[in-house]
Structure formats: C-alpha cells, structure tokens
Amino acid sequence: MTITLKYFGLLADITQLKEEQFTFVEETISVSALKSKIENSYQSMQNTTYTIAVNQAMSSLQATIKDQDVIAFLPPFAGG
Amino acid sequence: MSTDKPKKSSFIQGPITSEFIGNSIAKHQSKTTIGAHNIFLGQVRADVIEGKTVAAIEYTAYEEMAEQTFYEIREAAFAKYELSCLHIYHSLGTVKTGEICLFVFVSAPRRKVVYEALEFLVEEIKEKTAIFGKEIFEDESYTWKKNT
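Since the structure is predicted, the reported quantities are computational estimates derived from the model, not experimental observations.

Peer 1: What am I meant to see in the overall build of chain B here?
Peer 2: Within chain B one finds three helices and eight strands. Starting at the N terminus and walking to the C terminus, you meet the elements of chain B as β-α-β-β-β-α-β-β-α-β-β. Taken against the 2.2 N^0.38 rule, which gives 15 Å for 148 residues, the C-alpha radius of gyration of chain B at 16 Å falls within 12% of a compact globule. By its C-alpha atoms, chain B is 50 × 35 × 25 Å across when sized along the principal axes. Taken over 148 residues, chain B has a buried fraction of 47%. The contacts of chain B with a sequence gap of at least 6 include a subset with a gap of at least 24, amounting to 77%. As presented, chain B carries roughly 8200 Å² of accessible surface, and 48% of it is formed by carbon and sulfur atoms. Averaged over its 18 positive side-chain charges, chain B has a centre that lies 6 Å from the centre of its 21 negative ones.

Peer 1: I'm lost on the nonpolar core in this one. Help?
Peer 2: The tendency in soluble globular proteins is for nonpolar side chains to be buried as a group. Within the largest apolar cluster, 31 residues are counted, with the highest numbers of intra-cluster contacts made by Leu83, Val104 and Leu121 of chain B. Elements that contribute at least two residues to this core include exactly β4 (52-61), α2 (63-80), β5 (85-96), β6 (100-108), α3 (112-128) and β7 (131-137) of chain B. Met1, Leu11, Met45 and Phe73 of chain A belong to the second largest nonpolar core, which has 20 residues in total.

Peer 1: Help me out: how do you make sense of the packing of aromatic side chains in this one?
Peer 2: Each aromatic ring pair is described using two quantities: the centre-to-centre distance and the angle formed by the ring planes. Residues and elements named next belong to chain B. Within the structure shown, the criterion is met by 14 aromatic pairs over all chains. Consider the rings of Phe103 and Phe105, whose centres lie 5.8 Å apart with planes at 25°: the pair is stacked. Phe105 gets classed as buried once you look at its relative accessible area, which sits at 1%. If you follow Lys134 out to its NZ or CZ, it ends over the ring of Tyr142, 4.1 Å from the centre.

Peer 1: What is the right way to look at the interface of chain B and chain A in this model?
Peer 2: Taken residue by residue, the interface counts 22 residues in chain B and 19 residues in chain A. Summed over both partners, the interface of chain B with chain A buries about 1800 Å², with 64% contributed by carbon and sulfur atoms. Where chain B meets chain A, there are zero salt bridges. Of all the secondary-structure elements, those providing two or more residues to the side of chain B that touches chain A are β4, α2, β6, α3, β7 and β8 (142-144) of chain B. Class assignment for the residues of the side of chain B that touches chain A results in 12 nonpolar, four polar and six charged.

Peer 1: Before we go on, may I ask you to explain the packing of α2 of chain B against α3 of chain B in this structure?
Peer 2: Residues and elements named next belong to chain B. Running from N to C, α2 and α3 point in directions that differ by 155°, and their axes come no closer than 10 Å. Relative to α3, α2 is oriented roughly antiparallel. Here the hand of the crossing between α2 and α3 comes out right-handed. In this structure, α2 uses Thr69, Phe70, Ile73, Ala76, Ala77 and Lys80 to contact α3, whose residues at the interface are Phe120, Leu121, Glu124, Ile125 and Lys128. Residues belonging to the contact of α2 with α3 are distributed by class as follows: seven nonpolar, one polar and three charged.

Peer 1: Would you explain α3 of chain B in this entry?
Peer 2: Since the α-helix advances by 3.6 residues per turn, residues separated by three or four positions end up pointing in the same direction. Over its 17 residues, α3 of chain B runs 25 Å from end to end, which matches the ideal 24 Å to within 8%, given 1.5 Å per residue. Structurally, α3 of chain B contributes buried residues whose contacts are with β2 (36-43), α2, β5 and β6 of chain B.

What counts and what doesn't
- Sequence positions are assigned chain by chain, starting from 1 and proceeding in written order.
- Both sets of labels track the order of writing: A upward for chains, 1 upward for ligands.
- The predicted nature of this model means local features are confined to residues of pLDDT at least 70 and side-chain atom pairs, given and counted, to a pLDDT of 80 or more, with totals for whole chains, interfaces and linings taken over all residues.
- Only hydrogens and water are set aside; all other atoms, that is, all heavy atoms of the structure, feed into the side-chain values.
- Note on conventions: DSSP H or I runs of at least 4 residues are helices, E runs of at least 2 residues are strands, and numbering of each starts at the N terminus.
- In this description the radius of gyration comes from C-alpha coordinates, and the expected globular size is given by 2.2 Å times residues to the power 0.38.
- In this scheme, a residue with accessible area under 20% of its type's maximum is buried, one over 50% is exposed, and one in between is partly exposed, where area comes from a 1.4 Å probe on protein chains only.
- What makes two residues a contact is simply this: any of their non-hydrogen atoms within 4.5 Å.
- Only the protein chains shown count as cover for residues, with accessible areas throughout obtained via the Shrake-Rupley method and a probe of 1.4 Å.
- Residues counted as positive are Lys and Arg, residues counted as negative are Asp and Glu, and His and the chain ends are not counted.
- Taken as the charge location is NZ of Lys, CZ of Arg, CG of Asp or CD of Glu.
- We define the nonpolar core as a collection of buried residues of types Ala, Val, Leu, Ile, Met, Phe, Trp, Tyr and Cys that are connected through side-chain atoms lying within 4.5 Å of one another.
- What counts as a ring pair is set by centres within 6.5 Å for rings of Phe, Tyr and Trp (its six-membered ring), and what kind of pair is set by the plane angle: stacked under 30 degrees, edge-to-face over 60, tilted for all other angles.
- Placement of a charge over a ring requires the Lys NZ or Arg CZ to be within 6 Å of the ring centre, with the centre-to-atom vector within 35 degrees of the ring normal.
- Once two parts are joined, some of their accessible surface, as seen by a 1.4 Å probe, is lost; buried area is that loss totalled over both.
- Salt bridges are identified by distance alone: a Lys or Arg side-chain nitrogen within 4 Å of an Asp or Glu carboxyl oxygen.
- All amino acids are sorted into three groups, where Ala, Val, Leu, Ile, Met, Phe, Trp, Tyr, Cys and Pro are nonpolar, Asp, Glu, Lys and Arg are charged, and the leftover types, Gly among them, are polar.
- Helix axes use the C-alpha atoms of the stretch in contact, all axes being lines fitted to C-alpha atoms, and the angles between their N-to-C directions lie in the range 0 to 180 degrees.
- Convention used here: angles under 35 degrees read as roughly parallel, angles over 145 as roughly antiparallel, angles from 65 to 115 as roughly perpendicular, and any remaining angle as oblique.
- Put simply, a crossing is left-handed when the front helix is turned counterclockwise from the back one by less than a right angle, and right-handed when it is turned clockwise.
- The length a helix should cover is 1.5 Å for every residue beyond the first.

In structure tokens, the structure reads:
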C-alpha cells in the first residue's frame, strides 16, 4: 500500500518536509504502528505533542490505515 | 467522516482589515429581521517569551481539514442557537502585532443568543481547527504558538 503523509508546523520543521509518500508491503497498518515507524525515522518527534488525522478526520491510535489514505501529523492548534 | 463539503473559504491572506469588517457589517443592513449582531476580533498580542517580544504570527493551516471543521462548527452553532447568519474568517500568512487574525460575526433577531453563540464559536474554533502559528520575534527567530 502507498500512503501520503503530511506534516505541519513544528513537525514540518523536524522532518524538513511538508509531504511525502510511503509504500509498505502490508495491505493495512495501524495508526500506532505507523507512528512508531515515523518516530523511528524522525526521532525528535518523540519529544513533541501531536495528534494524527486520517483523511482529514482526527484518528485514534487503534484505527487502521489502508492504501491511498492521507495521514496528517498535527501539532497543537493555535488559531485565533 | 462527514461527506458535506465546505461552502466557502474562511481563510484570508494576511491581516483582516477594519475595512473588511466594516463592509461585512454594512452587508447586513438589508437583512431587516436581524435585531442583534455580536462580533469577536482576535488580535495578535506582543507576548514576551524568554525576554524576546513577538512581532508577528505567521499562520498556516491544514486548509482542507480546517475548512471542513469551520463548516461543522458553523452547522453546530445553527443547530444549537436561533441565528440569522454567522461568518468566520481567519488569517493565513503573516499578521503583525496589533492586527486582526480572527473575525467571528453572529446575527440573530434578538440579543440573548448572540452572546452565547459567539463564545461557543470562538472556543470551538480555537480547540478544533487545524491552524498553526509561528510566533516571530523582533530578531526574526521564532517559536510555535500553542493555544492555552
């Protein structure tokens, strides 16, 4: 499966990217497993607070990600 | 996930000007069932963080998700309060201290609901909308803002 990852705010500073694509051999992956993989690639993310949205909806760590999903890593909101 | 599509953009590039706010008020003069408006304006504050003064905030957003959130907040407010109309505008890009970055405008036939609806809207926007703020100091260094 191939998924798109988006990074915002401080997380885009850490990854030096706004967006990237990931391809896995698995057909699905849990949000928590993806989080571990990403934190392995970008270790500074382990020390930050963030939430994860799957296809523009806030997600739990137990949720399942499938092919073509868009996963966004969102630091604390600061609107207003 | 809701399949409803956002109806219009709530984002404005740069600060929200007093001219824009004035024009928004003027546009409601033809809606004569309205008896009360209430307006919230968020202004960029010159916070001092570790001895450095904030000069501006640069706003970014997960725009598609934020527009959907604005839409859902708007629908929730209409379901909860008897409103004639409501408008939400938020800045993207650089807004200097003293300039306006958030404009929320609610209107109703009578005054009581506009106080409650406005507070509901502002709190929901701050809590739920995927907007991020880079606080830029006078020396051009920066830190990422967190809502408290």
